[in-house]
Structures are given as C-alpha cells and as structure tokens.
Amino acid sequence: MRQILGGLMLLASIQSYAQYFPSEHWHEGYLVSNDGDSLRGKLKYDMESDLVQLDKNGRIQTFSGRNMSYFEIFDAVTENYRQFYVIPFSVNVEYKVPRIFEMLYLGELSLVSREAIVNEAVNPSSFSYYGSTRRLSNVFYFVYKDGKVVKYENKRNHLMEVMGEKSKDIRAYMKKNHLRSDKLQDLVRITAFYNSI
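The residue numbering used here restarts from 1 in each chain and proceeds along that chain's sequence as written. Local features in a predicted model are, by the rule used here, given only for residues with pLDDT of at least 70; side-chain atom pairs are given and counted only at 80 or more, and totals for whole chains, interfaces and linings are based on all residues. To get the side-chain values, all heavy atoms of the structure are used, and hydrogens and water are removed first.

Turning next to the overall build of the protein. Helix and strand definitions follow DSSP, with helices as H or I runs of at least four residues and strands as E runs of at least two, each counted in order from the N terminus. Within the protein, the secondary structure is distributed over four helices and ten strands. Along the protein, helices and strands appear, N-terminal first, in the series α-β-β-β-β-β-β-β-β-β-β-α-α-α. Scored against the burial criterion, the 197 residues of the protein give a buried share of 36%. A fraction of 42% describes how many contacts in the protein between residues 6 or more apart in sequence connect residues 24 or more apart. Accessible surface area values rest on a Shrake-Rupley calculation with a 1.4 Å probe, where residue burial reflects the displayed protein chains alone. When the accessible surface of the protein is totalled, it reaches about 12300 Å², and 49% of it is carbon and sulfur. In this scheme, a residue with accessible area under 20% of its type's maximum is buried, one over 50% is exposed, and one in between is partly exposed, where area comes from a 1.4 Å probe on protein chains only. We call two residues in contact when some of their heavy atoms are within 4.5 Å.

Below, the structure written as structure tokens:
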C-alpha cells in the first residue's frame, strides 16, 4: 500500500514537472519598444505581471506594457513563431491598462489570448493522498477593429453574441464543419470565417 501511494506521488510530481509552461523559459525573439526600437535577443514573458525580460548578450532589460508595443518569439518546443501585442484593456469604465495578449488571428475581428498557470487539486484515487498539479490555462478575447476587447466566456450563446449580425452564417458554418465553440483550433477557423464574409 505504501509503495502504491509513493508511486502515485512520484507520478504526480513527474507530470507537474513534465508540463511545459512557455512563460518560464527563454525564447529567441525580438521586441519593439514604444520608441520604435527593435531589440533582438532572448525573451521571457510574464502575462500575469505584463512584463517581458530581454537578455541581450548577458544584459537583462525589463519592459512593461507601458514601454513596448509588440514582441515575437520562436517557441522551440512547439516549433512555432508566436506574436504578442500590447492592447489597452478596460479594468473599469474609466480606466484602461496596457495588457499583453497573444495574437491567434488578426483581422477585422481578432482572436487573442492570455495564458496563466493555475494550480488544481488532485485526488488520483480513493487513497487519502491529495496533491496539486499545475496546468496552463488560456483565456480568449475578441478584439473589434474599433479597439473594443471582449472576454470570451467559452459558451456558444456568447460566441453568437460576439458574432453579432453574422451569427446566423457562423452557426451554419459551425454545424456544417462540426466546429465547437470551446476549442482553440475551431475558434481560429470561426474567426477566419467571420472575417471572410
């Protein structure tokens, strides 16, 4: 019994370390400051604090959403270039703050996301061991061409609300192509279709 419990604890810890969190790693890339300077080097970002660190030849500089507009990285694990923009985001009716968003689809209606590392309680079996694991969570947003940012609720009805007058066409497109309103790849396809009609 003790060996099974120990094995489960080891497996849980291995899984938590095996999870890849891009924000905890340095990536080759470049950053564009608000002054228009393009700075190349290794980048590490923190969306919760809206900060980016730039390591250029061993010299580390820190940029906030207030003094940069864009950065791009090459994620060696996923083997993809990823683009991030700083977008003014309303925290209340009268106040906007610059926040970092990853661009997933750019168009008249854009799809962006913010990632966070969340801790979840784990109960792997009926044993008394409880632990926690960390996982990557993405929150999606739609950005209209006028700059309005809407947090997406991952619900079909909310998606239709976001799509507005094109919702009837979107609903038919989703049905024909068996697309879901809560899957990243499907949301990108839906956003692309929205921009094509």
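This paragraph deals with the nonpolar core. Throughout this description, the term nonpolar core refers to a set of buried Ala, Val, Leu, Ile, Met, Phe, Trp, Tyr and Cys residues connected via side-chain atoms within 4.5 Å. Formed by 18 residues in total, the largest nonpolar core has its most connected members in Phe-142, Leu-159, Met-163, Ile-170, Met-174, Leu-187 and Ile-190. Counting residues per element, the ones that place at least two in this core are strand E8 (109-122), strand E9 (131-144), helix H2 (156-163), helix H3 (167-177) and helix H4 (184-196). Judged by nonpolar contacts, the second largest core, of 14 residues, contains Leu-39, Leu-43, Phe-71 and Phe-84.

The phi dihedral of Glu-79 is positive, around 55°, even though this residue is not glycine. The topology assignment puts Glu-79 in the loop between strand E5 (68-75) and strand E6 (80-92). For Glu-79, a relative accessible area of 60% translates into the label exposed.

We define a salt bridge as a side-chain nitrogen of Lys or Arg found within 4 Å of a carboxyl oxygen belonging to Asp or Glu. Summed over all chains, the structure comprises six salt bridges. Put simply, Arg-114 and Asp-50 hold a salt bridge, and the shortest N to O gap is 2.8 Å. Here the residue Arg-114 occupies a position in strand E8, and Asp-50 occupies one in the loop between strand E2 (38-46) and strand E3 (51-56), the gap between them amounting to 64 residues. A single burial state applies to Arg-114 and to Asp-50, both of which are buried. Between Arg-82 and Glu-115 there is a salt bridge, with the nearest N and O atoms lying 3.2 Å from each other. Pair noted here: Arg-82 is in strand E6 and Glu-115 is in strand E8, with a separation of 33 residues, a long-range link.

A word on the packing of H3 against H4. Running from amino to carboxyl end, H3 crosses H4 at an angle of 135°, the nearest separation of the two axes being 10 Å. Between H3 and H4, the interaxial angle falls into the category oblique. Of the two possible hands of crossing, H3 and H4 adopt the one that is right-handed. In contact with Asp-169, Ile-170, Tyr-173, Met-174 and Asn-177 of H3, H4 contributes Arg-189, Ile-190, Phe-193 and Tyr-194. For the contact of H3 with H4, the residue count by class is six nonpolar, one polar and two charged. All axes here are fitted lines through C-alpha atoms, helices being fitted over the stretch that makes contact, and every angle between N-to-C directions spans 0 to 180 degrees. Note on angle classes: values under 35 degrees are labelled roughly parallel, values over 145 roughly antiparallel, values of 65 to 115 roughly perpendicular, and the remainder oblique. What makes a crossing left-handed is the near helix being turned counterclockwise from the far one by less than a right angle; a clockwise turn instead makes it right-handed. Nonpolar residues are Ala, Val, Leu, Ile, Met, Phe, Trp, Tyr, Cys and Pro. Charged residues are Asp, Glu, Lys and Arg, and all others, Gly as well, are polar.

Classification of ring pairs uses Phe, Tyr and Trp, with its six-membered ring standing for Trp, and accepts pairs whose centres are within 6.5 Å; under 30 degrees between planes counts as stacked, over 60 as edge-to-face, and the remaining range as tilted. If you walk through the whole model with that rule in mind, you get eleven aromatic pairs. With 4.5 Å between their ring centres and 5° between their planes, Phe-71 and Phe-84 make a pair best called stacked. Residue Phe-71 is located in strand E5, and its partner Phe-84 is located in strand E6; the two are separated by 13 residues in the primary sequence. Classification of Phe-84 as buried rests on a relative accessible area of 0%. Here Phe-89 and Phe-101 contribute two aromatic rings whose centre-to-centre distance is 6.0 Å and whose plane-to-plane angle is 55°, an arrangement assigned as tilted. Within this pair, whereas Phe-89 is found in strand E6, its partner Phe-101 is found in strand E7 (residues 95-105), the two being separated by twelve residues in sequence. Residues Phe-89 and Phe-101 agree in their burial class; the two are buried.

Turning to the pairing of E5, a few remarks are in order. Burial within E5 is extensive, with six of its eight residues counted as buried. Relative to E5, strand E1 (residues 27-33) is paired through six bridges, and the arrangement is antiparallel. Following the sheet pairing, Val-32 is matched in E5 by Tyr-70. Two strands qualify as a pair provided DSSP detects at least 2 bridges between them. Pairing analysis gives six bridges linking E5 to E6, with the strands arranged antiparallel. Its bridge partner being in E6, Glu-72 is matched across the sheet by Gln-83. A loop of four residues connects E5 with E6, the two strands running antiparallel in sequence, and Glu-79 in this loop sits at a positive phi of about 55°.

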